[in-house]
Amino acid sequence: MTQNLTHGQHAKKLLILGAPLIGSHLLQMAIGVTDNLMLGWYDVTALAGAVLATSIYFVLFIMGSGFAFAILPMIARAMAEDRPTDVRRVTRMALWWSSLYGALVMVPMIWSEPLLLAIGQDREVADLASQYMVIAAFGIIPALWVMVLKNFLTALERTQVIMAVTLGAALLNIVLNYALIFGNLGLPELGIRGASIASLTLQFLSAFALVVYINRVTPEFSMFQNMWRPDWPAFNRVAQLGAPIGLTNLAEAGLFSASAVMMGWLTVETLAAHGIAIQIASITFMVHVGLSQAVTVRVGNALGRNDLEGLVTGGQSGLILSVLFSSATIALFLLFPATLIGVFLDPVDPNRTAIIAIGTTLLAMAALFQLVDGAQVMALGLLRGFEDTKIPMIIATISYWVIGMPSGYIFGFVLGLGAVGIWSGLVLGLACAAALMLLRYQRILNAERASV
């Protein structure tokens, strides 16, 4: 059924659906920003350790999140085709997959220090990073559950609760970090371990809140009854769609984590500046992620309704919104880099001037990839709406690991450009991914038009 909406009407619907998602992503990022801010005020070496630990943790987490992202188009299409039973089936099996994966990756997280030393990290930084990882390992399963439940609610267009839960977590994180990092409110001073304990607490509380909400507000799905019963067809469907998404996520997140490792080969100040610059760029990137998820839902719904015209116009509207936001963030990064970097550092820190100088240059590089980074994640959202995940996985692997990462190493170390060279590789890899994925989307769209 065709809806015949204009670009403006599609943009409005995308923003209504996407705004709470964007808000929740920004609030989720605020948790990481709070960690980095408070650790930066506590000790720069602790900040470097957290940057290293969270970079690796994020790679493991985002790979496991593939099963959560897989259910987004599946549920959107099932709801449009009035198949509510399939909604419950795929969500439960995504929770199964998330639990199995989380249990598996806990092992290298708990014994991470020898691995960090083996890849050439500073011994003190590696020790601090491993302290963070040992605690964080026990939160990986509830964190992945949160991702599955958020995508379930997103596909049902119940996004306001996602933002509410994330807001509560962000506010609580400030209190817990204040108490546990610095030893306030009568609690011991735990430094980097305090930041990790705070994150662990939030993950369990967020998962509990979402489970309670889903039980009360969507009882028709009976989501958590008989969770122990396997559903092998749904289990396989989630794996077939989710594994390529997870590997795609791994390809991109791995590129950024590899860049953090390479930064660690330079200086502690460079690694800290890199972490701050990535944090700032990631905040703006969350807007594109929220829009991308909204586009996936809209594409899935349009396919379920056989509304090709709405699919095309909605996709174009999403891309336009992404470009407009990218333009604004490019201006922000180029006009106020020192101010943005300085927020993360203690005014009396002796390394402040060096870190700001390095970070200012890196933010200029981040401005270059704002447009292509937004374009590639929007293209991914469009392709996932079609449940097309295998070819994007190949595109991401080639773009990031055959082109991006080797280019970063060559520019940074062989040509001696240092941090700027490493970030140049990031830009090149993202640009290739954006171009190839948009071409892939156009090809699928042409095939859909020809079949009508």
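A few points on the structure. None of these values were measured; they are calculated from a predicted model.

**Section: the overall build of the chain**
From N to C terminus, the chain includes 16 helices and zero strands. In terms of overall dimensions, the chain is globule-like: its C-alpha atoms have a radius of gyration of 21 Å, near the 22 Å expected for 452 residues. Along the three orthogonal principal directions, the C-alpha set of the chain runs to about 65 × 45 × 35 Å. Evaluated residue by residue, the chain yields a buried proportion of 58% over its 452 residues. By element, 68% of the accessible surface of the chain is carried by carbon and sulfur atoms, the whole surface being about 17800 Å². Here the chain contributes 22 positively and 23 negatively charged side chains, and the mean placements of these two sets differ by 13 Å.

**Here's the deal with empty space enclosed by the protein**
Space left empty within the atom packing is revealed by a probe, the size of a water molecule, rolled over the atoms. In the structure shown here, the tally under the stated rule is two cavities of 30 Å³ or more. What the second largest cavity holds in volume is close to 60 Å³. Taken together, His 10, Val 295, Arg 298, Val 299, Ala 302, Arg 305, Gly 310, Leu 311, Gly 314 and Gly 315 make up the lining of the second largest cavity. Elements with a contribution of two residues or more to the lining of the second largest cavity: helix H11 (268–305) and helix H12 (308–335). Looking at the lining of the second largest cavity, the element that brings in the most residues is H11, giving five residues.

**Brief notes about the layout of surface pockets**
Its volume calculated, the largest pocket comes out at about 300 Å³. Taken together, 15 residues line the largest pocket, and the ones lying closest to its centre are Ile 56, Val 59, Ile 119, Ser 257 and Val 261. Listed by contribution, the elements that provide at least two residues to the lining of the largest pocket are helix H2 (44–64), helix H4 (84–110), helix H5 (113–118) and helix H10 (232–264). Among the elements that make up the lining of the largest pocket, the one with the highest residue count is H10 (four residues). Estimates place the volume of the second largest pocket at around 150 Å³. As for the second largest pocket, its lining consists of 10 residues, of which Leu 303, Asn 306, Asp 307, Leu 308 and Glu 448 are closest to the centre. For the lining of the second largest pocket, the secondary-structure elements that each account for two or more residues are H11 and helix H16 (418–451). In terms of residue class, the lining of the second largest pocket is built from six nonpolar, one polar and three charged.

**With respect to the pattern of salt bridges**
Evaluation of the coordinates by the stated rule reveals six salt bridges. Arg 83 is the partner of Glu 81 in a salt bridge, and the nearest nitrogen-oxygen pair spans 2.8 Å. Given the relative accessible area of 28%, Arg 83 is considered partly exposed. Here Arg 89 and Asp 86 are joined by a salt bridge, their closest N and O atoms 3.1 Å apart. In this pair, Arg 89 and Asp 86 both sit in helix H4, three residues apart, roughly one turn of the helix.

**Examining unusual backbone geometry**
One non-glycine residue, Ser 222, lies in the positive phi region at around 45°. With respect to the helices and strands, Ser 222 occurs in the loop between helix H9 (192–217) and H10. Despite not being glycine, Glu 387 has its phi angle at roughly 60°, a positive value. In this structure, Glu 387 sits in the loop between helix H14 (352–385) and helix H15 (390–414). With a relative accessible area of 30%, Glu 387 lands in the partly exposed category.

Cut-offs and rules
- Residues numbered from 1 in each chain as written.
- Predicted model: local features only at pLDDT ≥ 70, side-chain atom pairs only at ≥ 80, totals over all residues.
- Heavy atoms only, no water.
- Helix = DSSP H or I, 4+ residues; strand = E, 2+ residues; numbered from the N terminus.
- Rg over C-alpha atoms; globule rule 2.2 N^0.38 Å.
- Buried < 20%, exposed > 50% of the residue type's maximum accessible area, 1.4 Å probe, protein only.
- Areas by Shrake-Rupley, 256 points an atom, 1.4 Å probe, with all protein chains shown as cover.
- Lys, Arg positive; Asp, Glu negative; His and termini not counted.
- Charge placed at Lys NZ, Arg CZ, Asp CG, Glu CD.
- 1 Å grid on protein atoms, 1.4 Å probe; cavity = no way out; pocket = protein on both sides within 12 Å on 5 of 7 lines; lining within 4 Å.
- Points joined across faces, edges and corners; volume = space filled by probe spheres on them.
- Nonpolar A, V, L, I, M, F, W, Y, C, P; charged D, E, K, R; others polar.
- Salt bridge = Lys/Arg side-chain N within 4 Å of Asp/Glu carboxyl O.

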